[in-house]
Amino acid sequence: MNKLIIIMGVSGCGKTTVGEALAKALALPFYDADDYHPKANIEKMRSGTSLTDIDRRPWLEILAKNLVTWKSDGGAVLACSALKEDYRNQLQQYEKVNWVYLAGDFKTIHHRMKHRAHFMKANMLQSQFDTLEPPNYGIQLQVSLPVREMVHKITDILSYA
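Here we summarise the structure given alongside this text. (Residues numbered from 1 in each chain as written. Predicted model: local features only at pLDDT ≥ 70, side-chain atom pairs only at ≥ 80, totals over all residues. Heavy atoms only, no water.)

1. Notes on the nonpolar core
Membership of the largest hydrophobic core comes to 42 residues, with the highest contact counts inside it found for Ile 5, Ile 7, Cys 80, Leu 91, Leu 102 and Ile 154. Contributing elements (two or more residues each) for this core: strand S1 (3–8), helix H1 (15–26), helix H3 (53–72), strand S3 (75–79), helix H4 (85–91), strand S4 (98–103), strand S5 (139–142) and helix H7 (147–159). Beyond its immediate stretch of four places on either side in the chain, Ile 5 contacts Leu 22, Leu 26, Leu 28, Ala 76, Val 77, Leu 78, Asn 98, Val 100 and Leu 158. (Core = buried A, V, L, I, M, F, W, Y, C linked by side-chain atoms within 4.5 Å. Buried < 20%, exposed > 50% of the residue type's maximum accessible area, 1.4 Å probe, protein only. Helix = DSSP H or I, 4+ residues; strand = E, 2+ residues; numbered from the N terminus. Contact = heavy atoms within 4.5 Å.)

2. Describing the side chain of Lys 84
By the secondary structure assignment, Lys 84 is in the loop between S3 and H4. Of the polar contacts made by the side chain of Lys 84, one reaches the side chain of Asp 53; its length is 3.1 Å. Among all residues touching Lys 84, those that are not within four sequence positions of it are Asp 53, Thr 131 and Glu 133. (Polar contact = N/O pair within 3.5 Å; in protein donor to acceptor, adjacent residues only side chain to side chain.)

3. Digging into the pairing of S5
A one-sided burial pattern is seen for S5, the buried positions being Ile 139 and Leu 141 and the unburied ones Gln 140 and Gln 142. Sheet topology places S4 next to S5; 4 bridges connect them, and they run parallel. Bridge assignment links Tyr 101 to a residue of S5, and that residue is Gln 140. (Pairing = 2+ DSSP bridges.)

4. Section: the side chain of Asn 41
Take Asn 41: it is sitting in helix H2 (residues 39–46). For Asn 41, a relative accessible area of 5% puts it in the buried group. There is a polar contact of 3.2 Å between the side chain of Asn 41 and the backbone oxygen of Asp 55. With residues near it in sequence (within four places) discarded, Asn 41 still touches Leu 51, Asp 55 and Trp 59.

5. A few points about the pattern of salt bridges
In this structure the tally under the stated criterion is 9 salt bridges. In this structure, Arg 56 engages Asp 53 in a salt bridge whose closest nitrogen and oxygen atoms are separated by 4.0 Å. Placement of the pair is Arg 56 and Asp 53 together in helix H3, with a separation of 3 residues, close to one helical turn. Take Arg 56: its relative accessible area is 10%, and that puts it in the buried class. The residue Lys 84 makes a salt bridge to Asp 53 at a minimum N-O spacing of 3.1 Å. (Salt bridge = Lys/Arg side-chain N within 4 Å of Asp/Glu carboxyl O.)

6. Re the pairing of S1
The element S1 is extensively covered by neighbouring structure, given that 6 of its 6 residues are classed as buried. Bridge count for S1 against S3 is 5 bridges, and the pairing is parallel. Each residue of the ladder has a partner; that of Lys 3, found in S3, is Gly 75. Across 4 bridges, S1 lies against S4 in parallel orientation. Counted as the bridge partner of Ile 5 is Asn 98 from S4.

7. Section: the sheet that holds S3
Strand order in the open sheet formed by 5 strands is S2-S3-S1-S4-S5, and the pairing between neighbours is parallel. At either end of the open sheet lies a strand with only one pairing partner, and these are strand S2 (30–32) and S5. Neighbour-to-neighbour, the strand axes of this sheet turn through a mean angle of 20 degrees, independent of strand direction. Lying on the sheet, H3 is in contact with S1, S2 and S3; it crosses S3 at an angle near 150 degrees. Along the sheet face, H7 touches S1, S4 and S5 and points at about 165 degrees away from the line of S5. (Axes fitted to C-alpha atoms, helices over the stretch in contact; angles between N-to-C directions.)

Any functional reading would require information beyond the geometric quantities listed.
Next up, the structure:
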């Protein structure tokens, strides 16, 4: 399989959990976009300050270039918020991407975030929802579904893509 799959959505929606399970099911490597943030971005988020589009641009460029490498290596699953259409366009500027959007309501995701350790704090979730431009393409799944069911739906759909 030579596929690039990006699991997207707001912080706390389950991108990493679903992405890791999907990567395992497809025997592809999994990458978390958070691991590619410059240190300044991480410190900014830790301090409770939301990133700007300017902050995100170099990070998105790094990821877009890595997608080229990962595709040539046979494909990959990437967990990345990709909240705006512009961000998604930047990510797929060099390679076609299969998008999976994990959609959920604020209350459910906020509850999840309060019960995890992550540099993105629960009080910053509203800024993610304010920024979010939900895609009208790709695979769209509700975060309330069990992970196993999400992975099954994604693999079924991608097997026909």
